[in-house]
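Here are the chains, one letter per residue:
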Amino acid sequence: QVQLVESGGGLVPAGDSLRLSCAASGRTFSSYTMGWFRQAPGKEREFIAAVSWTGGRTSYADSVKGRFTISRDNAKNTVFLQMNSLNSEDTAVYYCAATPRFRSLTTMASAYDTWGQGTQVTVSS
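Predicted model, so just to flag it, every value in this text is computed and none were measured. (Residues numbered from 1 in each chain as written. Predicted model: local features only at pLDDT ≥ 70, side-chain atom pairs only at ≥ 80, totals over all residues. Heavy atoms only, no water.)

A. Inspection of the packing of aromatic side chains at higher detail. Tallied over the full model, the rule gives 5 aromatic pairs. Taken together, a centroid distance of 6.4 Å and an interplanar angle of 80° make the contact between Tyr-95 and Trp-115 edge-to-face. With Tyr-95 in strand 9 (residues 92-100) and Trp-115 in strand 10 (residues 114-115), this residue pair connects regions lying 20 residues apart in the sequence. Among the residues examined, Tyr-95 registers a relative accessible area of 14% and is labelled buried. With relative accessibility at 25%, the residue Trp-115 sits in the partly exposed group. Among the aromatic residues, ring-to-ring pairing joins Phe-37, Phe-47, Tyr-95, Tyr-112 and Trp-115 into one connected group. The ring of Trp-115 carries Arg-45 above its face, with NZ or CZ at 4.7 Å from the centroid. In this arrangement the basic side chain of Arg-72 is found over the ring face of Phe-29, its NZ or CZ atom lying 4.3 Å from the centre. (Phe/Tyr/Trp six-rings, centres within 6.5 Å; stacked < 30°, edge-to-face > 60°. Helix = DSSP H or I, 4+ residues; strand = E, 2+ residues; numbered from the N terminus. Buried < 20%, exposed > 50% of the residue type's maximum accessible area, 1.4 Å probe, protein only. Lys NZ or Arg CZ within 6 Å of the ring centre and 35° of its normal.)

Laid out in structure tokens, this is it:
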């Protein structure tokens, strides 16, 4: 089973950018579709983006489409989330997650088997 560790979170002003990384170890990284989710205080975990095992297909939540970009580097066992034009509503703990690649670009949190510990993103208005 793959293990996931996120990094890159922090406190930024509205309008700024951040790039989150998720490093994977363990079984073959390319066996997995990778996703990013976030959870704000008092809210349910929310799908943000997913990328296929080749990196050729992506899916985004409407709330981040055009601002966030998911990508992966299978040679480095890492998935990224580039976040631009951040606003206060993006404040949350961000998690990366892995699901076997046959599940394709699923947006359902319950379909993801492995989760990282999360990284806090705080956007000040």
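From this point, the narrative continues.
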